[in-house]
Amino acid sequence: MRASNHLIGLLNFLTFLLSIPILGGGIWLSTRATTTDCIIFLQWPLIVIGISILVVSPSGFAGACYRNTFLMYVYLWAMFLIICALVGFVIFAYVATDKGSGRVVLNRVYRDYYLEDYGGWLEERVRDESYWGRISVCVRESRVCGKMGRVVVRGVAESADLFYLRKLTPIESGCCKPPTEWGYMYANETFWNPGGGLVGNNIDCGRWSNDQEQLCYGCDSCKAGVLAGIKKSWRKVSAINIVVLIILVIVYVVVCAAFRNNKRMDNDEPYGNTRMEKAQPSRIHF
């Protein structure tokens, strides 16, 4: 077996290993889809791409080991389509989460989230009331607000000033408390009383409820918090995917070059003749 065949086999094994972080990213998004982010379709493209690489890589390895041209063509075309799909997913992930971020609040460590700061296809999907109904049920059942917990230091309950120093997640900030501009006063993490301070003109202001089954799950701030959480999750996974994509492209180019080199060597060596026979000056006849 030629050295280039060994190289192709090794690179196919590397491709097989690269499917693990892609598949892992899809599984991680899947777990968050049912417990935190609550949007359950975003992980499937990654899972499909990861499984596809797992399935395709052995064909390339077998094609290299047995010098099967058909299997190598199948591998190269399939990997080309997979790389295109991964590029498309990375672009889609960045475009869909391009707009929006939390707003800095005076004297607060956490940020407030506003739906009008977001836009695009994902924002329209979350804004849709029928779709949001399913998401809000997921957020409620995840008990993310109940898990915030009341901090007690030396027998003294957490004060408002200490709560304002918390670094809340986007969903905790958007769904578990009213936005700061509404002027509610802190009682505990999920219980706020109408009171002094600024009073916002947003029609969303009346949607806050101290009922622990309601809170701000119907607020636009909660929708914005979900979008911010998705953006954070997608950006983490996309960063890994970009690194994997670069390696995949390099591997693909090297495998293509090695495969073409093999074909060229095969064309120069007619079957049935040894290398020693080919090395003899066949054009000279005595």
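Note: the structure precedes this text.
Described below are features of the structure shown in this document.

Calculation criteria
Residues numbered from 1 in each chain as written. Predicted model: local features only at pLDDT ≥ 70, side-chain atom pairs only at ≥ 80, totals over all residues. Heavy atoms only, no water. Helix = DSSP H or I, 4+ residues; strand = E, 2+ residues; numbered from the N terminus. Buried < 20%, exposed > 50% of the residue type's maximum accessible area, 1.4 Å probe, protein only. Areas by Shrake-Rupley, 256 points an atom, 1.4 Å probe, with all protein chains shown as cover. Disulfide = S-S within 2.5 Å. Core = buried A, V, L, I, M, F, W, Y, C linked by side-chain atoms within 4.5 Å. Pairing = 2+ DSSP bridges. Phe/Tyr/Trp six-rings, centres within 6.5 Å; stacked < 30°, edge-to-face > 60°. Salt bridge = Lys/Arg side-chain N within 4 Å of Asp/Glu carboxyl O. Polar contact = N/O pair within 3.5 Å; in protein donor to acceptor, adjacent residues only side chain to side chain. Contact = heavy atoms within 4.5 Å.

Across its full length, the chain holds nine helices and six strands. Residues classed as buried in the chain amount to 43% of the 286 residues present. A total accessible area of about 15,700 Å² is found for the chain, and carbon and sulfur atoms account for 63% of it.

This part covers the state of the cysteines. Throughout the structure, instances matching the rule amount to three disulfides. Two residues share a disulfide in this structure: Cys175 and Cys222, whose sulfurs sit 1.9 Å from each other. In this structure, the disulfide formed by Cys175 and Cys222 twists by about 90 degrees around the S-S bond and is classed as right-handed. Taken together, the positions of Cys175 in helix α7 (residues 170-175) and Cys222 in helix α8 (residues 220-268) put the pair 47 residues apart, joining distant regions of the chain.

Moving on to the nonpolar core. In this structure, Ile135, Val139 and Leu248 are the most contacted members of the largest nonpolar core, which totals 68 residues. Among the secondary structure elements, those contributing two or more residues to this core are α1 (3-35), α2 (44-65), α3 (69-96), α4 (121-127), α5 (129-141), α7 and α8. For this core, the leading source of residues is α8, giving 16 residues.

With that settled, the discussion passes to the environment of Leu23. As for its placement among the helices and strands, Leu23 is situated in helix α1. A sequence separation of 30 residues divides Leu23 from Ile53, and the C-alpha atoms of the two residues are 9.4 Å apart.

In this sheet, strand β6 (residues 191-194) lies alongside strand β5 (residues 184-188) in antiparallel orientation, the contact comprising four bridges. If you follow Met185 over to β6, its bridge partner there is Asn193. Here β5 folds back onto β6 in antiparallel fashion, the turn holding two residues.

The tally for this structure, following the rule as stated, stands at ten aromatic pairs. Arranged with centres 6.2 Å apart and planes meeting at 85 degrees, the rings of Trp77 and Phe80 form a pair that is edge-to-face. Of this pair, Trp77 and Phe80 are both found in helix α3, three residues apart, which corresponds to roughly one turn of the helix. Exposure remark for Trp77: the relative accessible area of 59% places this residue in the exposed category. Exposure remark for Phe80: the relative accessible area of 38% places this residue in the partly exposed category. On the numbers, 5.0 Å between centres and 25 degrees between planes, the contact of Phe163 with Tyr186 is stacked. Highlighted residues: Phe163 in helix α6 (residues 160-163) and Tyr186 in strand β5, separated in sequence by 23 residues. Considered together, Phe163 and Tyr186 belong to a single accessibility category, that of buried residues.

So, on to the pattern of salt bridges. This model, assessed by the stated rule, comprises nine salt bridges. In this structure, Arg143 and Glu213 form a salt bridge, with 3.1 Å as the shortest nitrogen-oxygen distance. Placement of Arg143 in the loop between α5 and β3 (152-153) and of Glu213 in the loop between β6 and α8 is noted, with a sequence separation of 70 residues between them. For Arg143, a relative accessible area of 46% gives the class partly exposed. Since its relative accessible area comes to 34%, Glu213 is described here as partly exposed. Several salt bridges share partner residues, and in doing so they unite Glu129, Arg207, Asp220 and Lys223 into one network.

In this section: the side chain of Thr190. When you line up the elements, Thr190 lands in the loop between β5 and β6. Residue Thr190 is classed as buried on the basis of its relative accessible area of 11%. Looking at Thr190, its side chain comes within polar contact range of the side chain of Gln212, at 2.7 Å. Each residue touching Thr190, except ones within four places of it in the same chain, is listed here: Cys145, Met148, Cys176, Trp208, Asn210, Gln212 and Leu215.

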